[in-house]
Amino acid sequence: MEKMGSFAIVALIFLFKDVYTLQKFDKQPQYSEVNPGEDIKLDCKIFNKRGTCSWQKDNKPVGLYMKKYEWAGTQETGDCSLWIRAATLEFDDGEWECQVTASDFTTQDALTSAPVRLVVRVTPQRPRIEHRSGTVTPNHNVTVKAGENASIKCLSKYGNPPAALKWFLGNQEITNFSKQSNSPEIDNPRTWVAASVLEMQLNKDNHRNSLKCIAIHESYPAKSQSTEVRLDVTYAPETRLVGTPGSDVEEGVDTVVLRCVTDANPPANILWKRAGEANQIPVADESLSFRPVTRRDSGIYTCTAQNKLGTSDPLTVQLDVKYPPVIKSVGPDRLQTASLYSQAVFACDAESHPPPTYQWLQKPTPSTSPDAMLRGSESRLVIRNVTYDHQGEYVCRVVNLIGGRERMVQSEAVSLQVVGAPQILREGGEDASVEVVVMRGQPALLRQVVCADPRPRRVVWEWGSLQLAAGQGQGRYHAEELIQDDREDCYEARLNIQDVELSDSRNYFMYVENDRGSDRCSVRLAVRGSYTEPIAMTTLISLAGACFVVFLLCILCGVYCVRAEKCCFNRRGDFRPTDLESEKSELDSTGRKTPKIDGVLHNPGDTMYCSTPTRRPPHTITAGGSPEAMKVRLAAMVLQPPTRV
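Analysis parameters
Residues numbered from 1 in each chain as written. Predicted model: local features only at pLDDT ≥ 70, side-chain atom pairs only at ≥ 80, totals over all residues. Heavy atoms only, no water. Pairing = 2+ DSSP bridges. Helix = DSSP H or I, 4+ residues; strand = E, 2+ residues; numbered from the N terminus. Axes fitted to C-alpha atoms, helices over the stretch in contact; angles between N-to-C directions. Core = buried A, V, L, I, M, F, W, Y, C linked by side-chain atoms within 4.5 Å. Buried < 20%, exposed > 50% of the residue type's maximum accessible area, 1.4 Å probe, protein only. Contact = heavy atoms within 4.5 Å. pLDDT = per-residue confidence, 0-100.

### As for the sheet that holds strand β39 (residues 434–439)
For sheets, the rule is that strands pair by backbone hydrogen bonds, running either parallel or antiparallel.
Next, step 1: Spatially, five strands are ordered β39-β48-β47-β41-β42 in an open sheet, and the strand pairing comes out mixed. The sheet is open, and its two edges are formed by β39 and β42 (466–469), each paired on a single side. Going across the sheet, the axis of each strand differs from the next one's by a mean of 25 degrees, ignoring polarity.

### Some thoughts on the pairing of strand β27 (residues 299–307)
Next, step 1: Here strand β24 (residues 269–274) pairs with β27 via six bridges, running antiparallel. Bridge pairing in β27 places I270 opposite A305.
Next, step 2: Examined bridge by bridge, β27 and strand β28 (residues 310–311) share two bridges and lie antiparallel to one another. Pairing of N307 across the sheet is with G310, part of β28.

### Concerning the nonpolar core
Next, step 1: One finds L446, W461, L495, I497, Y508 and L525 to be the most contacted residues of the largest nonpolar core, which totals 25 residues.
Next, step 2: When contributions to this core are tallied by element, the ones reaching two or more residues are β39, β40 (444–453), β41 (458–463), β44 (477–479), β46 (490–497), β47 (506–514) and β48 (517–528).
Next, step 3: Each residue touching L446, except ones within four places of it in the same chain, is listed here: V436, W461, A493, R494, L495, I497, Y508, V523 and L525.
Next, step 4: In this structure, V386, V398, V414 and L416 belong to the second largest nonpolar core, which totals 24 residues.

### Quick look at unusual backbone geometry
Next, step 1: A cis amide bond, omega -5 degrees, links N160 with the succeeding residue P161.
Next, step 2: Summarising the element assignment, P161 is placed in the loop between β15 (149–159) and β16 (164–169).
Next, step 3: A cis amide bond links G331 to the next residue, P332, at an omega of 20 degrees.
Next, step 4: Mapped onto the secondary structure, P332 falls in the loop between β30 (321–331) and β31 (335–339).
Next, step 5: At A86, a residue that is not glycine, the phi angle is positive and equals roughly 45 degrees.
Next, step 6: Position of A86 among the secondary structure elements: in the loop between β8 (82–84) and α2 (89–92).
Next, step 7: Unusually for a residue other than glycine, R208 sits at a positive phi of about 70 degrees.
Next, step 8: With respect to the helices and strands, R208 occurs in the loop between β19 (192–201) and β20 (210–216).

### Section: the confidence of the model for the protein
Next, step 1: On average, residues of the protein score 84 in pLDDT, and 81% of them are at 70 or above.
Next, step 2: Looking at the elements of the protein, mean pLDDT is at its lowest for strand β50 (residues 600–601), recorded as 32, and at its highest for β16, recorded as 97.
Next, step 3: Confidence over residues 7–19 falls short of pLDDT 50; this stretch has zero contacts with residues more than four positions distant or in other chains.
Next, step 4: Every residue in residues 568–645 scores below 50 in pLDDT, and together they form 48 contacts with partners more than four places removed in sequence or on other chains.

Laid out in structure tokens, this is it:
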């Protein structure tokens, strides 16, 4: 067993020794490029080299020649690198291999490197751009249609190796939209043609942008060359309107210029039409001008643009010309006569845009408000129940708004004449009453205004059973003749009363009559008794309260005095009620009775001032002092008048 183990160990040692001593590549040749006429070294290093080094190109052995193919290192050390002097495309461009023969016949460790390409550079031509099988010269246009896929080719010819091609649209790289292919030139297979095809969809935003193809090659002085063209992207017209009025347009004042701005390639023709008209509007350019605008220019206008690729969508604008109101007629007549309580109608015909608002105004008179009275807000004024208040002049005022400003025109005046029975003007309505307040002893003036056409022929004031015609007088009463009022066909009737009495307080009726009828109305006269101003209710309540408080104070004072007097007699001790009663009995025994004055009973003390008291026999009061002093005090008490509360 020990001998077998030793034998295995020895076999393994020899095996590892053989493996370790096999030759192998330490460094193989790599892809290389060289400019024509320059030297280049192809590296090839062998570990544990025992065989012989050699090179071959394109599967053919290459011999060693001075100043052309030379060893670049010491072969004994395993450096089999090769110098290629003054490289040329014809002899040196190709695939090279480094080879080493086997160490011995039995080892079979010969080596051959992977073929590597040695490229002898050839500067390619300047890249060119082709479109639709035609070459586009630099800075010229490549015409494509918007929305369609464009196929544009860039070629770089007779280069070695083939150039790398890149695309730029403006400043943005778009190489990812392209594919590059390289192929040997037909007439010079050792050089290449590089072709890159750009496939992308362009739109109108790319119009007039630059499209650039860049060829990258080490043999170029700047390492690259480029060719640039312009994109001519064609598209159908698109339009937009400029100058559309943003506010009201007034006739004869404003100027309107409508512009149909077009975006199209190739340029488009502008077409203007007005709604309702078949013919086109001839224009010199894209603008449609109205200088100044008139109402005849109002309408709906349509703009379209057209080129060989199509027609734009129509754009519509409405031109709405405003103009202030103009009154065409007012009437039907300048003077209209209406019977009392009948109907009167006026009409006002005006033209404006926008439609106006109407106001019928009755002109003021000196006796009315200084402001005109609004009678109606329609083009027709209908007065259904004419009274003398409606008599006068009327104007029609027409108003509209243009640009936020009010435009107004007023008609000539038309007149309304009212005829009919008298009408007494009542302030506040038919059922309202008039009251005149006068102090007693002062003169009173009662007035009524009556309107009538024809003029009243009879005016009478009536009260109680009395009547007084205008122009007549009786005692303190006088009825004046009718006085012409400021208003046409209106008169003022007056009744004067001198030194009025309380009995004059009553209703006074005025009766008026003409050929067409009559009317009757009353005036209330209220006569006050004095000039004293009426006392306010709060003042009366305050005075009553004060009097009541004084009355209570008087009662309290009287009670206090009576009680105080009794207390005084009690403290002296010289008076007894029995004595007073005895004296009273003596007086009553004389046969005299208590007198009655004005139907009111009075106590005996009230009559003692008008008659002498009867003497009585003297008697003695034993308690409380001498009889003489007691008599004096008793007499004083009897004769003293009673206290009134």
